[in-house]
Amino acid sequence: MTTTALRVMDGNKAAAVGVILCRPDLVASYPISPQTPLLEALYRARAEGRLEADTVEVEGENSALSAAIGAAAAGGRAFTATSSMGLMFMYDAYLFASGQRVPVVMTVATREQSAPHTVSSGQQDIMMVKDGGWVQLIAESCQEILDSILVAYRLAEDPRVQLPVNVSYDGYYLSHLSEPVAVPEQGAVDRFLAPVGGGKRPVLSAAAPLTFGAFIVGDLYAGYRYKHCQAMQAALDLADGLDGEFLAAFGREYGGSLEAYRVEDAEILMVAMGSHSGTLKVAVDRLRDEGVAVGLARVRMFRPFPRARLAALLRGRRAVGVVDRSVSFGWNAGHLFVDVKAAAADLEARVPMVNFIGGLAGTDLRREMLEAAVRTTLARGRGEPGPEVVWLNLE
Amino acid sequence: MALRPGPAGDRVTAVTAPPALRDTLCIEWGACPPGCRDCVEACALARGVARVTALDLAEVSFHGALTCGQCGEPACRDACPTGAIVREESGVVRLDQERCVGCGACAGACAWGGITLDAVTGRASKCDTCGGRPACALACTTGRLRWVETSALARRLGHPDPFTQGVSLCPGCAAELGFRTAFRAIGPDAVVFAAPGCACMLACGLGTAATTRLPSVMSLMTNVPSLMTGVARQLRRSGARTRAVAFVGDGTTADVGFQPLSGAAERGEPIVYICYDNEGYMNTGAQRSSTTLQGARTMTTPVGPGQAGKRQVPKDVAVLMAMHGAAYVATASVSHPEDFAAKLERALAAEDGLAYIHLYAPCHVGWQAPMDAAVEIARMAVLTRVFPLWEARRGRFRLTHPIAHPRPLGDFAGLMGRLRHLDEDGLRALGRAVEERYRRVEALCAALPWQEPGAAGGR
């Protein structure tokens, strides 16, 4: 285990430090709030000689991701970052990257979608791409942003996975929040990433020509999709083991695809992902002090979805409360809630569930609101009626 | 293959020696003045025995000259029992008279009358092109026999065609011709980029079958130059000299994919981007694009009482790219392969920025013309000034094929159905726009004249 002293930095800076430690070949960028300071940090690092990567400032997000895809397809390690409408503007390339199995890593400082227009925080953007075939990691803290980028490259470039990976973190709440962050030593990072280095994957080369993006008709197409699902499963299978390896290398662990917080003997279980999970942990601690048996399941890997581990945590609870910062139109519930319900469908006994939607457009999910959410969930577990979806701070 | 009649209405027949292009004797078939024997006499004088025959068939009004076509797979050689006939590297089929036993098998095997048994010597005799200065062509005052130097083009197209046969493009496709021509010039040290459209079928493979020997990327229509940016930069970073070369259509280039092209040009990415312009979305059934000629009938610019084809003038993408200050920009046409190949050389040499070539590649299907018309339409586009051929390096222009005396626009418009509805007024309006475009290029050439590399500071 090797870890240097703590340094105070915000989430964007932590992401930049993580990227620099991974020694990328190409960083492609287009500015959009709230990820812009991350890219500025990378350009500064390049100017100061702390980053050897080639950098390219493109004319739009589609090109940012495409340039990263190109570099990765030619054997390089590529990075880009975006948010909100920028993510939407790269959507065709986004699907191209995963279908083409190109191991790009991209951070998303999550933000609401227009319209109505806002630049404030929310998880709607990353939920819009959840089925785009990428691995989705969602961080809770600045430390976890940095650490997740290391894990992201390890997963992306693993021959069993070979998929692009998103590392998401709540815009402003994490991107602009300063926390103490332990910065790993370069040597330890190099060792952690060594198993996937060396460019052994199929790459574009005149010496050994390959066709990227072949035109497929008929049954063969299903084979590509099937293998893509296999790769997703491999990422899920690897995630928990990697957590142990990460602990050995850096002295920190997160629980792999899913973090279980004080779930022992919990009557009710809260489920969340992202920065408000930290607030929920405080709420759980306070309610535990009051004698309420509540725990938290924090989804760290939203795709592939850890359905088996989650179902095991849901089993036998009196009620489950899911907190979402996004809306699935038509389900009229949060995206995470829909997935949790689907995971619960495997259980023998029905578990009452309630969904809390809040924190949209950067509004606060305060501790007392989340404590109230826990109490509401508790009441549902005792049979009190109420709506399935509860909108917090609804104007 | 040797002398053969050309397609109906075309009396020009090249005497070529496939598969490689060679310097070659070109005889305009059946167009000689009656009774003229200048070529025969010149050959006899120079070589002792005439190896060219004058065919003077007054009864069928045919007056022409006949000689050996220097076949790629000569039947005379195959029939010769002594190995006296060989096809040389130069393309000349040569007869060794020392080894000839006068059996006449060669003359019997040749379907073209290109080799004969000489009654005086008792040996075969045939044309050997006089070492590249054929006496017959030098003596011909009518221009019906000409020595055509195609070896320069052969050298420029010196690489094998990297694409397989049997790709699913229409017979007579000019884009396919342009694609194959481009990569015979560029060679194997390239990654080829295609995008959805007709020509992608040469590059993207089909199922598990590859269609090219080159590494290839089937891009999206929206991200060709950006993918190329990443690939080109990574290839350079890894020490390879492999070039990233795109061959994509006008819809991708001028419309949905223009933003990344503009960005890549502004950044000076060292990529080679070839747009084959068939003036529309031909792969989806001939809808208009922003490069479609004004007045042209397409599926989305129909002709009727309310509309007479496309209303707008074409977007001049090449000029726009030159205005970016791109390292190299050119227009080219499938009808002028040597010009195209020379421009590809300059595009590849421009390693300090983006090179853009706008290749005119008529779609005979979408333009409603016969299957063999595409190249002739392209040629007429150049000769009528519809499509000026020029090039620019860092915004300094020159015409590479100035048209001092343009052919009437009808010579172009009459070749295709998409313009057939144009009446005199319509043709005049088209003509004004064509002249305006040509004069704009002329004005750019005058105001910002071409400079040879090194004459002006690079970027």
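All of these numbers come straight from a predicted model, not from anything done at the bench.

### So, the overall build of chain B
Alright, step 1. The helix and strand tally for chain B stands at 14 helices and 19 strands.
Alright, step 2. Scaling as 2.2 N^0.38, a compact globule of 459 residues should have a C-alpha radius of gyration of about 23 Å, and chain B matches this with 25 Å.
Alright, step 3. Seen through its principal axes, chain B has C-alpha atoms that stretch 75 × 60 × 50 Å.
Alright, step 4. Each of the 459 residues in chain B was classed as buried or not, and the buried ones make up 55%.
Alright, step 5. The long-range fraction of contacts in chain B, counting pairs at least 24 apart against all pairs at least 6 apart in sequence, stands at 67%.
Alright, step 6. Element-wise, carbon and sulfur atoms account for 56% of the exposed surface of chain B, whose accessible area totals about 19000 Å².
Alright, step 7. Between the mean site of the 48 positive side-chain charges and the mean site of the 42 negative ones, chain B shows a separation of 5 Å.

### Looking at helix α14 (residues 424–447) of chain B
Alright, step 1. When the terminal C-alpha atoms of α14 of chain B are compared, their 34 Å separation across 24 residues agrees well with the 34 Å that a helix rising 1.5 Å per residue should span.
Alright, step 2. Listed in full, the buried residues belonging to α14 of chain B are Gly 426, Leu 430, Gly 431, Val 434, Glu 435, Arg 437, Tyr 438, Val 441, Leu 444 and Cys 445 of chain B.

### Topic: the sheet that holds strand β13 (residues 272–277) of chain B
Alright, step 1. Judged by pairing direction, the sheet is mixed, and its nine strands sit side by side in the order β9(A)-β11(B)-β10(B)-β12(B)-β13(B)-β17(B)-β16(B)-β18(B)-β19(B) without closing on themselves. The open sheet has two free edges, formed respectively by β9 (211–212) of chain A together with β19 (396–399) of chain B, since each of these has just one partner strand.
Alright, step 2. Packed onto the sheet, helix α6 (residues 174–186) of chain B meets β10 (190–194), β12 (243–249), β13 and β17 (355–360) of chain B and runs at close to 170 degrees relative to β12 of chain B.
Alright, step 3. Contacts between helix α11 (residues 337–349) of chain B and the sheet are confined to β12, β13, β16 (328–333), β17, β18 (390–393) and β19 of chain B, with β16 of chain B contributing the most and set at about 160 degrees to the helix.

### Re the packing of helix α3 (residues 61–73) of chain A against helix α7 (residues 224–237) of chain B
Relative placement of two packed helices is described by the angle separating their axes and the distance separating the axes.
Alright, step 1. At their nearest, the axes of α3 of chain A and α7 of chain B sit 6 Å apart, and the two run at 35 degrees to each other. Considering how the two elements wind past one another, α3 of chain A and α7 of chain B form a crossing that is right-handed. Residue-level inspection shows Ser 63, Ser 66, Ala 67, Ile 69, Gly 70 and Ala 71 of chain A of α3 of chain A in contact with α7 of chain B, the latter providing Ser 226, Leu 227, Thr 229, Gly 230, Val 231 and Gln 234 of chain B.
Alright, step 2. Across the contact of α3 of chain A with α7 of chain B, the residue classes break down as five nonpolar, seven polar and no charged.

### Brief notes about the interface of chain A and chain B
Alright, step 1. Tallying the contact residues gives 39 residues for chain A and 37 residues for chain B.
Alright, step 2. On inspection of chain A and its partner chain B, the count reaches three salt bridges.
Alright, step 3. Arg 267 of chain B is paired through a salt bridge with Glu 59 of chain A; the nearest N and O atoms lie 3.1 Å apart.
Alright, step 4. Counting every contact that joins chain A to chain B gives 16 residue pairs in polar contact (both at pLDDT 80 or more).
Alright, step 5. Listed by contribution, the elements that provide at least two residues to the side of chain A that touches chain B are β3 (54–57), α3, α5 (91–99) and β9 of chain A.
Alright, step 6. Class assignment of the residues belonging to the side of chain A that touches chain B gives a composition of 22 nonpolar, 11 polar and six charged.
Alright, step 7. Note: β9 of chain A against strand β11 (residues 216–218) of chain B, two bridges, orientation parallel. Looking across to β11 of chain B, one finds that Thr 211 of chain A is bridged to Ser 216 of chain B.

### A word on the pairing of strand β7 (residues 165–170) of chain A
Residue and element names in this part refer to chain A.
Alright, step 1. Burial analysis of β7 places six of its six residues in the buried class, the great majority of the element.
Alright, step 2. Burial along β7 is two-sided: Val 165, Val 167 and Tyr 169 facing one way and Asn 166, Ser 168 and Asp 170 facing the other are all buried.
Alright, step 3. Here six bridges tie strand β5 (residues 105–110) to β7, and the two strands are oriented parallel to one another. From the neighbouring strand, Thr 110 faces β7, where its bridge partner is Asp 170.
Alright, step 4. Examined bridge by bridge, strand β6 (residues 135–138) and β7 share four bridges and lie parallel to one another. Within β7, the position partnered with Gln 136 by the bridge is Asn 166.
Alright, step 5. As for the winding sense of the linkage, the β-α-β connection from β6 through helix α7 (residues 142–156) to β7 is right-handed.

Calculation rules
- Residues numbered from 1 in each chain as written.
- Chains lettered and ligands numbered in written order.
- Predicted model: local features only at pLDDT ≥ 70, side-chain atom pairs only at ≥ 80, totals over all residues.
- Heavy atoms only, no water.
- Helix = DSSP H or I, 4+ residues; strand = E, 2+ residues; numbered from the N terminus.
- Rg over C-alpha atoms; globule rule 2.2 N^0.38 Å.
- Buried < 20%, exposed > 50% of the residue type's maximum accessible area, 1.4 Å probe, protein only.
- Contact = heavy atoms within 4.5 Å.
- Areas by Shrake-Rupley, 256 points an atom, 1.4 Å probe, with all protein chains shown as cover.
- Lys, Arg positive; Asp, Glu negative; His and termini not counted.
- Charge placed at Lys NZ, Arg CZ, Asp CG, Glu CD.
- Expected span 1.5 Å × (residues − 1).
- Pairing = 2+ DSSP bridges.
- Axes fitted to C-alpha atoms, helices over the stretch in contact; angles between N-to-C directions.
- Left-handed = near helix turned anticlockwise from the far one by under 90°.
- Nonpolar A, V, L, I, M, F, W, Y, C, P; charged D, E, K, R; others polar.
- Salt bridge = Lys/Arg side-chain N within 4 Å of Asp/Glu carboxyl O.
- Polar contact = N/O pair within 3.5 Å; in protein donor to acceptor, adjacent residues only side chain to side chain.
- Right-handed = clockwise from strand over helix to strand, strands pointing away.

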